[in-house]
Amino acid sequence: DDQGEVSAVPQLFDVEYLAPVEIGTPPQTLNLNFDTGSSDLWVFSSETPERQQGGQKLFRIEDSTTARRLDNHTWTITYGDGSRSAGNVYTDTVSVGGVTVFGQAVESATSVSASFTHDAASSGLLGLAFDSINQVRPNKQKTFISNALDSLEYPVFTANLKKAEPGNYNFGFIDPTEFTGPLSFIPINATSGFWQFPASGFSISQPGNASFANSTAGMFVPIAHTAIADTGTTLLLLPAALVQAYYAQLPGAKTSASEGGWVFPCKATPPDLVLHIGTYRAVIPGELVRFAPVDTDDFETATVCYGGVQTANGLPFAIYGDVFFKAQFTVFDVEGERLGFAPK
Ligand SMILES: O=C(CCCl)NNC1=[NH+]CCN1
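(A) Looking closely at the environment of glutamate 259. Of note, glutamate 259 is situated in the loop between strand 18 (254-256) and strand 19 (261-265). Sequence spacing of glutamate 259 and cysteine 305 is 46 residues, and the spatial spacing of their C-alpha atoms is 9.9 Å.

(B) Broad picture of the site of the ligand. Asp35, Tyr79, Gly80, Asp230 and Gly232 are the nearest of the 13 residues found near the ligand. With respect to the ligand, the side chain of aspartate 230 contributes an N or O atom lying 2.6 Å from a nitrogen atom. Note that a nitrogen atom of the ligand is positioned 3.4 Å from one of the backbone N or O atoms of glycine 232. Coverage of the ligand by the protein amounts to 91% of the 350 Å² it exposes when considered alone. Counting atoms within 2 Å of the grid points, the majority share of the ligand lands in the largest pocket. The residue makeup of the shell around the ligand, split by class, is six nonpolar, four polar and three charged.

(C) Layout of the pattern of salt bridges. One pass over the structure, following the stated rule, counts five salt bridges. We note a salt bridge from glutamate 62 to arginine 60, for which the minimum N-O separation is 3.6 Å. Owing to a relative accessible area of 36%, arginine 60 belongs among the partly exposed residues under this scheme. Across the salt bridge formed by arginine 338 and aspartate 333, the nearest N and O atoms sit 3.0 Å from each other.

(D) Examining the nonpolar core more closely. Within the largest apolar cluster, 90 residues are counted, with the highest numbers of intra-cluster contacts made by Phe34, Phe171 and Tyr320. Leu58, Trp75, Val89 and Ala105 belong to the second largest nonpolar core, which has 13 residues in total.

(E) Focus on the layout of surface pockets. There is about 870 Å³ of room inside the largest pocket. Lining the largest pocket are 35 residues, and of these Tyr79, Gly80, Asp81, Gly232 and Thr233 lie nearest its centre. Looking at the lining of the largest pocket, the elements that each hand over two or more residues are strand 3 (28-35), strand 5 (68-78) and helix 1 (114-117).

(F) Here's a closer look at the sheet that holds strand 16 (residues 225-229). Strand order in the open sheet formed by five strands is 13-16-25-17-24, and the pairing between neighbours is mixed. Each of the sheet's edge strands pairs with one partner strand only, and the pair in question is strand 13 (196-199) and strand 24 (309-311). In this sheet, adjacent strand axes meet at a mean angle of 35° when their direction is disregarded. In the packing of helix 4 (residues 240-247) onto the sheet, the strands contacted are strand 16, strand 17 (236-238) and strand 24, and the crossing angle to strand 24 comes to about 140°.

Calculation criteria
- Residues numbered from 1 in each chain as written.
- Predicted model: local features only at pLDDT ≥ 70, side-chain atom pairs only at ≥ 80, totals over all residues.
- Heavy atoms only, no water.
- Helix = DSSP H or I, 4+ residues; strand = E, 2+ residues; numbered from the N terminus.
- Near = heavy atom within 4 Å.
- Polar contact = N/O pair within 3.5 Å; in protein donor to acceptor, adjacent residues only side chain to side chain.
- Areas by Shrake-Rupley, 256 points an atom, 1.4 Å probe, with all protein chains shown as cover.
- 1 Å grid on protein atoms, 1.4 Å probe; cavity = no way out; pocket = protein on both sides within 12 Å on 5 of 7 lines; lining within 4 Å.
- Sits in = over half its atoms within 2 Å of the grid points.
- Nonpolar A, V, L, I, M, F, W, Y, C, P; charged D, E, K, R; others polar.
- Salt bridge = Lys/Arg side-chain N within 4 Å of Asp/Glu carboxyl O.
- Buried < 20%, exposed > 50% of the residue type's maximum accessible area, 1.4 Å probe, protein only.
- Core = buried A, V, L, I, M, F, W, Y, C linked by side-chain atoms within 4.5 Å.
- Points joined across faces, edges and corners; volume = space filled by probe spheres on them.
- Pairing = 2+ DSSP bridges.
- Axes fitted to C-alpha atoms, helices over the stretch in contact; angles between N-to-C directions.
- Contact = heavy atoms within 4.5 Å.

In structure tokens:
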């Protein structure tokens, strides 16, 4: 009964979290973006045009004695942020933190969009959503976690991301030292292929006063919404009405056309945001909302800061991205189709 742990290293301003993945024989280690919002494992490879490469470490297919071409199969994907990639399909041996899958579909990029080209640190993505939204055709392929599930001690994986320091993903076990208090589980709806769940609204609490969050003092704002748990998205993208009501509690907060979202004075301390998920109260500390400096490249000198909470524009659901996972330890219960949350 297998289990594994892998470090999740944040890139600048926690824009994404990369974890090492071993592919092929002998193993080639690539740092991939673990993405619970998609279901394809794709890599920059020896088939990626040089003009679309930007310094990424490549999967050298010809150097792997166990790589096998999946003939007449291709893939193409477009992510929620408009980034895209496409290519050919191989199967090979893939290991994450000691958990090994033989015959894993490894999607080789023959085309990537500019945002991937300009992201030198990421050699691709490892999808952790459900198989139904895998983009390989004519026959969909299974995700790493789907292939690994029967070999895991428990059919789960967990996310423990941190602000500006490495966190970790665990496969096959729940480490009780990574969270405080009891886990609170909610059922998810996997029909759309995502880790999708309902949330009922939010309340505000003053920083560092979580107990206040549960009192009547922190007025509950009943803006119900559907959300997906998505480690591949950087920010916490919520319904416009909810975001407006939250930033109304932060003096000087405003939307900026030039910055493309909500900004506020860096010297302000944003209130904690308490998201109501069933009976669970997910506290997002205000310091996570102070996401990045805008007018300089460090928080000490910047006067304008970009919010970690932004509007989920034109999407059919809210996206609980990395800002959420920096505050909440999360269990992805694949077999049980449940999410478990706990403070940490
Ligand atoms: O595509 C989404 C949103 C699904 Cl609605 N998340 N995953 C991701 N990977 C790269 C950019 N974003």
